[in-house]
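# Architecture at a glance
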Amino acid sequence: MSQSQDPVQSISQFPTQFPKGSKIVVAGAGSIGCFVGGLLAAQGHKVCLWGRARIIDAIQEKGLQLSDGDGLDIKLAAEQLELSTDASCLAEADIILLAAKSLVTEEIAKDISRHAPKQAVVLSLQNGIRNPAILREQLEQAVLATMIPFNVVHSEGNRFHRATFTAELMMEWQPALAEFLSGEYINFKPLEQFNEIAWGKLLLNINNAVNALGGLPLKQQLMNRQWRCLMADVVSESLAVLSAAGIEHISVAPVNMRVFCWILRLPTFMFSRIANSMLKVDPQARASMYEDLEQKRLTEIDEFQGVIIELSKQHRCSSSLNQRIYQLIKDAELQATGSPALSVADIRSLSS
């Protein structure tokens with residue numbers, strides 16, 4: 001995929017205002033969708049969660065609990081939301097937040113095309129950088145890309161807990177929509193250089209697979225220098241691929257990505273003093289790819305390592321470490337026994 005094929009593009013004839021009472025439908029309401037949709041409902045928006053029966057039925061029975069490490073603790077009764085397991089709920093949507101896995105983007109795009117009003121606005125809350133382009137190819141509706149910098153964990157009691165980073169979503173430049181959606185609990189930040197931000201987020205997401213293969217909580221991995229050096233090597237290789245492809249990025253970490261890799265490689269006593277923001281994660285937080293393996297689901301590895309590998313082949317540069325990690329994830333998907341719980345030595349040797 002070349003830079004000219006990036007999903008981010010200017011959008012013409014975009015609504016300049018959104019009246020109070022505009023209906024928001026969260027399509028593919030899983031962990032991220034329930035958390036974001038729940039916060040929007042708590043801010044007074046009219047929200048419909050459209051998802052699988054196991055999630056929707058649980059909300060119908062127990063309501064929705066939202067929390068984070070900064071003191072957020074919100075309980076929503078089922079009556080405060082619209083709940084649906086049927087795509088027909090899209091018929092009255094003004095804003096559609098697509099939070100489904102990348103694997104079903106084309107399938108849900110067909111549902112949106114079939115049911116949603118043409119004037120509705122679609123926001124892709126998905127991982128990776130290719131989904132907005134796929135949606136724009138299939139939909140008449142305006143499509144906006146967004147970037148979610150946090151992890152959400154679904155736990156007992158139907159609680160959705162934000163385990164990492166800030167509750168601020170970055171989105172393509174549409175200030176009117178950002179202002180409409182932003183409020184007390186969640187903020188949408190419009191950016192003019194969103195394309196570069198999307199690539200910067202990919203460079204962080206590239207290590208989701210490392211966490212999934214190790215099976216350890218993120219914080220535990222970050223406090224181990226061997227794991228950090230592996231993460232740094234993955235990012236460094238990916239940086240070289242983007243450079244060869246002529247793709248610019250803006251880091252979504254507090255420092256640029258080369259400095260980020262240098263910090264990761266520091267001895268642990270130095271790392272723990274410098275990297276306070278990296279360590280501000282829930283002690284049990286893991287990457288969503290780990291959860292996918294544990295639930296015996298296919299992962300989004302093609303949207304992370306897969307993109308880097310494709311670019312490396314196009315531009316004839318090395319992506320050997322990403323290719324090894326990609327294959328280990330594919331093997332774990334095939335075995336369907338959960339995270340393989342590999343060590344750093346396992347990953348480096350078994351994948352060589």
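About the thresholds
- Residues numbered from 1 in each chain as written.
- Predicted model: local features only at pLDDT ≥ 70, side-chain atom pairs only at ≥ 80, totals over all residues.
- Heavy atoms only, no water.
- Helix = DSSP H or I, 4+ residues; strand = E, 2+ residues; numbered from the N terminus.
- Rg over C-alpha atoms; globule rule 2.2 N^0.38 Å.
- Buried < 20%, exposed > 50% of the residue type's maximum accessible area, 1.4 Å probe, protein only.
- Contact = heavy atoms within 4.5 Å.
- Areas by Shrake-Rupley, 256 points an atom, 1.4 Å probe, with all protein chains shown as cover.
- Axes fitted to C-alpha atoms, helices over the stretch in contact; angles between N-to-C directions.
- Parallel < 35°, antiparallel > 145°, perpendicular 65-115°, else oblique.
- Left-handed = near helix turned anticlockwise from the far one by under 90°.
- Nonpolar A, V, L, I, M, F, W, Y, C, P; charged D, E, K, R; others polar.
- pLDDT = per-residue confidence, 0-100.
- Polar contact = N/O pair within 3.5 Å; in protein donor to acceptor, adjacent residues only side chain to side chain.
- Phe/Tyr/Trp six-rings, centres within 6.5 Å; stacked < 30°, edge-to-face > 60°.
- Pairing = 2+ DSSP bridges.
- Lys, Arg positive; Asp, Glu negative; His and termini not counted.
- Salt bridge = Lys/Arg side-chain N within 4 Å of Asp/Glu carboxyl O.
- Right-handed = clockwise from strand over helix to strand, strands pointing away.
- Expected span 1.5 Å × (residues − 1).

## Observations concerning the overall build of the protein
Counting its secondary structure elements, the protein contains 15 helices and twelve strands. A compact globule built from 352 residues would reach a C-alpha radius of gyration of about 20 Å, and the protein, at 20 Å, matches this within 12%. If you line up the protein on its principal axes, its C-alpha atoms span 55 × 45 × 40 Å. Classification of the 352 residues of the protein by burial places 55% in the buried group. Expressed as a percentage of contacts within the protein between residues at least 6 apart in sequence, the contacts between residues at least 24 apart total 70%. Taken as a whole, the protein presents about 15,400 Å² of accessible surface, with 47% of it coming from carbon and sulfur.

## Side note on the packing of helix 9 (residues 225-245) against helix 10 (residues 257-264)
Closest axis-to-axis distance for the helix 9/helix 10 pair is 8 Å, and the angle between their directions is 160°. Classified by the angle between their axes, helix 9 and helix 10 sit roughly antiparallel to one another. Of the two elements, helix 9 crosses helix 10, and the hand of that crossing is left-handed. Contacts from R228, C229, M231, A232, V235, S236 and L239 in helix 9 reach M257, R258, C261 and L264 in helix 10. Among the residues forming the contact of helix 9 with helix 10, the class breakdown is eight nonpolar, one polar and two charged.

## Here's the deal with the confidence of the model for the protein
When pLDDT is averaged along the protein, the result is 91, and 95% of the positions lie at 70 or above. Between residues 1-11, whose pLDDT stays under 50, and residues either more than four places distant or in other chains, the model counts 32 contacts.

## Quick look at the side chain of D68
Relative to the helices and strands, D68 resides in strand 3 (residues 64-68). At a separation of 2.9 Å, a polar atom in the side chain of D68 contacts the main-chain amide nitrogen of D70. Here R162 takes part through its side chain, which lies 2.6 Å from a polar atom of the side chain of D68. Not counting the four nearest positions on each side in its chain, D68 is found in contact with H161 and R162.

## Considering the packing of aromatic side chains
Counting across every chain of the model gives two aromatic pairs. Ring plane angle 65° and centroid distance 5.6 Å describe the contact between F35 and F150, whose orientation is recorded as edge-to-face. Taken together, the residues F35 in helix 1 (residues 31-42) and F150 in the loop between strand 8 (142-147) and strand 9 (152-155) connect sequence positions 115 residues apart. Neither residue differs from the other here; F35 and F150 are each classed as buried.

## Regarding helix 4 (residues 131-138)
A turn of α-helix holds 3.6 residues, and therefore any two residues three or four places apart point the same way. For helix 4, every residue scored as buried is listed here: N131, P132, A133, L135 and R136. Elements that come into contact with the buried residues of helix 4 comprise strand 6 (95-98), helix 3 (105-115), strand 7 (121-124), strand 8 and strand 11 (168-172).

## What about the sheet that holds strand 4 (residues 73-76)?
The strand order across the open sheet built from four strands is 4-3-10-9, with neighbouring strands paired in mixed fashion. The open sheet has two edge strands with one neighbour each: strand 4 and strand 9. The sheet shows a mean angle of 20° between the axes of neighbouring strands, taken without regard to direction. By the bridge criterion, four bridges tie strand 3 to strand 10 (residues 159-162) in an arrangement that is parallel.

## Digging into the sheet that holds strand 6
Pairing is mixed across the open sheet formed by eight strands, whose spatial order is 5-2-1-6-7-8-11-12. Two strands lie at the open edges of the sheet, namely strand 5 (82-84) and strand 12 (187-191), each paired on one side alone. Neighbour-to-neighbour, the strand axes of this sheet turn through a mean angle of 25°, independent of strand direction. Sheet strands touched by helix 2 (residues 53-62): strand 2 (46-50) and strand 5. Its angle to strand 5, the strand with the most contacts, is close to 145°.

## Topic: the side chain of K201
Residue position: K201 is located in helix 6 (residues 194-205). No salt bridge forms around the buried K201; measuring N to O, its nearest opposite-charge neighbour E300 is 8.9 Å away. In this structure K201 touches N127, M147, I148, P149 and V252, once residues within four positions along its chain are discounted.

## A look at the pairing of strand 11
Here strand 11 lies mainly inside the structure; four of its five residues are buried. Sheet analysis places strand 8 next to strand 11, joined by two bridges and oriented antiparallel. From the neighbouring strand, M147 faces strand 11, where its bridge partner is M170. Where strand 11 meets strand 12, five bridges bridge the pair, whose relative direction is parallel. For M170, the partnering residue across the bridge sits in strand 12 and is K189. You can see the chain leave strand 11, run along helix 5 (residues 175-181) and come back into strand 12, and the turn it takes is right-handed.

## Here's the deal with helix 1
Between the first and last C-alpha of helix 1 there are 16 Å, a value that for twelve residues agrees with the 16 Å anticipated at 1.5 Å per step. Burial of helix 1 is extensive: nine of the twelve residues sit out of reach of the surface. Listed as buried for helix 1 are G33, C34, F35, V36, G37, G38, L39, L40 and A41. Phi turns positive one or two residues past the end of helix 1, at G44, with a value near 105°.

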